[in-house]
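# Chains, contacts and geometry: an overview
The residues making up each chain are set out below.
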Amino acid sequence: GHVTGVETCALPISVTHNMRTALERTYAATPDPKWVIAVGDCAAGCGVFGPSYANVGSVSQVVPVDLEIKGCPPQPMDLLRGLITLTDRATAKESG
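Figured I'd write up the structure that's included with this text.

Procedures and definitions
- Residues numbered from 1 in each chain as written.
- Predicted model: local features only at pLDDT ≥ 70, side-chain atom pairs only at ≥ 80, totals over all residues.
- Heavy atoms only, no water.
- Helix = DSSP H or I, 4+ residues; strand = E, 2+ residues; numbered from the N terminus.
- Buried < 20%, exposed > 50% of the residue type's maximum accessible area, 1.4 Å probe, protein only.
- Lys, Arg positive; Asp, Glu negative; His and termini not counted.
- Salt bridge = Lys/Arg side-chain N within 4 Å of Asp/Glu carboxyl O.
- Contact = heavy atoms within 4.5 Å.
- Pairing = 2+ DSSP bridges.
- Axes fitted to C-alpha atoms, helices over the stretch in contact; angles between N-to-C directions.
- Expected span 1.5 Å × (residues − 1).
- Arc of directions from axis to C-beta.

Our focus in this paragraph is the side chain of Asp-41. Here Asp-41 lies in helix H2 (residues 41–44). With no salt bridge to any partner, buried Asp-41 finds its closest opposite charge in Lys-70, at an N-O distance of 6.7 Å. Residues within four places of Asp-41 in sequence aside, it is in contact with Cys-46, Gly-47, Lys-70, Gly-71 and Cys-72.

Here it is, written out as structure tokens:
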């Protein structure tokens, strides 16, 4: 099996208060099926820019996240492993 027609949004940032509404609207306007990938420590909520007066925090505090790939920056192999894991999960869900 293979996965087709999936909207994917990879976010390599922590979410600022100014970005929150735009991210929520973008997520709501994106058709299903959709995947959200938090790329890097800041997007996952554990980076140096996470805890700040200007930030909401991790992407998962604003929209549902399907995959977190940690690292600052994430290694290319970690990105690839994460994408393979996500597609495997979706393929299994689609066939079962």
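From this point on, the discussion continues.
Our next topic: the sheet that holds strand E1 (residues 7–11). The three strands are arranged E1-E3-E5 in an open sheet whose pairing can be described as parallel. Strand pairing shows two members of the sheet lacking a second neighbour, E1 and strand E5 (67–69), which therefore form its edges. Strand after strand, the sheet turns through a mean of 20° between neighbouring axes, direction not considered.

Because each turn of an α-helix spans 3.6 residues, side chains separated by three or four positions end up pointing in the same direction. Counted at 1.5 Å a residue, the expected span for helix H3 (residues 76–95) with its 20 residues is 28 Å, and the 29 Å between its end C-alpha atoms agrees. Listed as buried for H3 are Gly-82, Leu-86 and Ala-90. Buried residues along H3 cover an arc of 65° about the axis, so they all sit on one side. Among the exposed residues of H3, those oriented more than 90 degrees off its buried face are Pro-76 and Ser-95. Of the surrounding elements, those touching the buried residues of H3 are strand E3 (34–39) and E5.

Quick look at the pattern of salt bridges now. With the rule as written, the count across this model stands at three salt bridges. Among the ionic pairs, Arg-20 bridges to Glu-24, the shortest N-O distance being 3.1 Å. Of this pair, Arg-20 and Glu-24 both sit in helix H1 (residues 17–29), four residues apart, which is roughly one turn of that helix. Looking at Glu-24, the relative accessible area reads 33%, which means it is partly exposed. One salt bridge connects Asp-78 with Arg-81, and the closest N-O pair in it is separated by 2.9 Å. Placement of both Asp-78 and Arg-81 in helix H3 is noted, with a separation of three residues, approximately one turn of the helix.

Function cannot be inferred from these measures alone, as they are strictly geometric.
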